[in-house]
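Chains, contacts and geometry: an overview
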Amino acid sequence: MDKLSKEEVEHVAHLARINLEEEDIERYRIQLKKLIDDIDKIKDIKNYDEEMLITPVTFHSDLRKDEIGSMLDYKEAMKNVPASNGNFVEVPVMINE
């Protein structure tokens, strides 16, 4: 696309709900053309559509394997609980009254 027409700029302004004065149309035409050219440059980059990178460095985390183990019994699980009520852990109320 070599040039944006006045009608195209007015159409974009209409879609964006922008009221342009006649003297603003040429300024926005130049700015929109530059923006479109910049987007075309990005599209021209090799492999642009193939794989998007989130970060330029690949991170690999070495995580332990999940293994089935024995469950804690109730007394062992409640050993470090500061306050309990029957089978429940008591926590402070966080709602303002």
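All residue numbers refer to position in the chain's written sequence, counted from 1. Confidence filtering applies because this is a predicted model: local features only for residues at pLDDT of at least 70, side-chain atom pairs given and counted only at 80 or more, and all residues used for totals across whole chains, interfaces and linings. To get the side-chain values, all heavy atoms of the structure are used, and hydrogens and water are removed first.

**Overview of the overall build of the protein**
Here is the rule: Starting at the N terminus, helices and strands are each numbered in turn, a helix being any DSSP run of H or I of at least four residues and a strand any DSSP run of E of at least two. Buried means the residue's accessible area, taken with a 1.4 Å probe over protein chains only, is under 20% of the maximum for its type, while exposed means over 50%, and partly exposed covers the values in between. All accessibility values rest on the Shrake-Rupley procedure with a 1.4 Å probe; residue burial counts only the protein chains present in the view.
Of the regular secondary structure elements, the protein holds three helices and two strands. Put simply, the protein has 97 residues, and 8% of those count as buried. Here the protein displays about 10000 Å² of accessible surface, and carbon together with sulfur accounts for 54% of that area.

**What about the packing of aromatic side chains?**
Inclusion rule: Ring geometry is summarised as follows: Phe, Tyr and Trp rings, the Trp one being its six-membered ring, pair when their centres sit within 6.5 Å, and such pairs are stacked at plane angles under 30 degrees, edge-to-face over 60 and tilted between the two. Here, a charge over a ring means that NZ of Lys or CZ of Arg falls within 6 Å of the ring centre while also lying within 35 degrees of the ring normal.
Tallying each qualifying case throughout the model produces zero aromatic pairs. In this structure, Arg-27 packs its charged tip against the face of Tyr-28, placed 4.9 Å from the ring centre.

**Some details on the pattern of salt bridges**
Worth spelling out the cut-off: Salt bridges are defined as contacts in which a side-chain nitrogen from Lys or Arg sits within 4 Å of a carboxyl oxygen from Asp or Glu.
Taken as a whole and judged by the stated rule, the model has six salt bridges. In this structure, the salt-bridge partner of Asp-37 is Lys-33, at a minimum N-O distance of 2.6 Å. Taken together, the positions of Asp-37 and Lys-33, both in helix α2 (residues 22-43) and four residues apart, correspond to about one turn of that helix. Judged by its relative accessible area of 12%, Lys-33 is buried. One salt bridge connects Lys-34 with Asp-38, and the closest N-O pair in it is separated by 3.3 Å. With a gap of four residues between them, Lys-34 and Asp-38 both fall in helix α2, about one helical turn apart.

**Examining α2**
Keep this limit in mind: Expected span of a helix: the number of residues minus one, times 1.5 Å. What makes two residues a contact is simply this: any of their non-hydrogen atoms within 4.5 Å.
The end-to-end C-alpha separation of α2 is 32 Å, in line with the 32 Å expected for 22 residues at 1.5 Å each. Three or more residues of α2 are buried, namely Asp-24, Ile-25, Arg-29 and Lys-33. In this fold, the buried residues of α2 make contact with α1 (6-15).

**Points about the packing of α1 against α2**
Selection criterion: Think of each axis as a best-fit line through the C-alpha atoms, taken over the contacting stretch in the case of a helix, with angles from 0 to 180 degrees between the N-to-C directions. Should an angle lie under 35 degrees it is considered roughly parallel, over 145 roughly antiparallel, and from 65 to 115 roughly perpendicular; all remaining angles are considered oblique. Amino acids outside the nonpolar list (Ala, Val, Leu, Ile, Met, Phe, Trp, Tyr, Cys, Pro) and the charged list (Asp, Glu, Lys, Arg) are all regarded as polar, and Gly is one of them.
At a minimum axis distance of 9 Å, the contact between α1 and α2 shows a crossing angle of 95°. Judged by the inter-axis angle, α1 sits roughly perpendicular to α2. Contact with α1, carried on its side by Lys-6, Val-9, Glu-10 and Val-12, involves Glu-22, Ile-25, Tyr-28, Arg-29 and Leu-32 of α2 and no other residues of that element. Across the contact of α1 with α2, the residue classes break down as five nonpolar, no polar and four charged.

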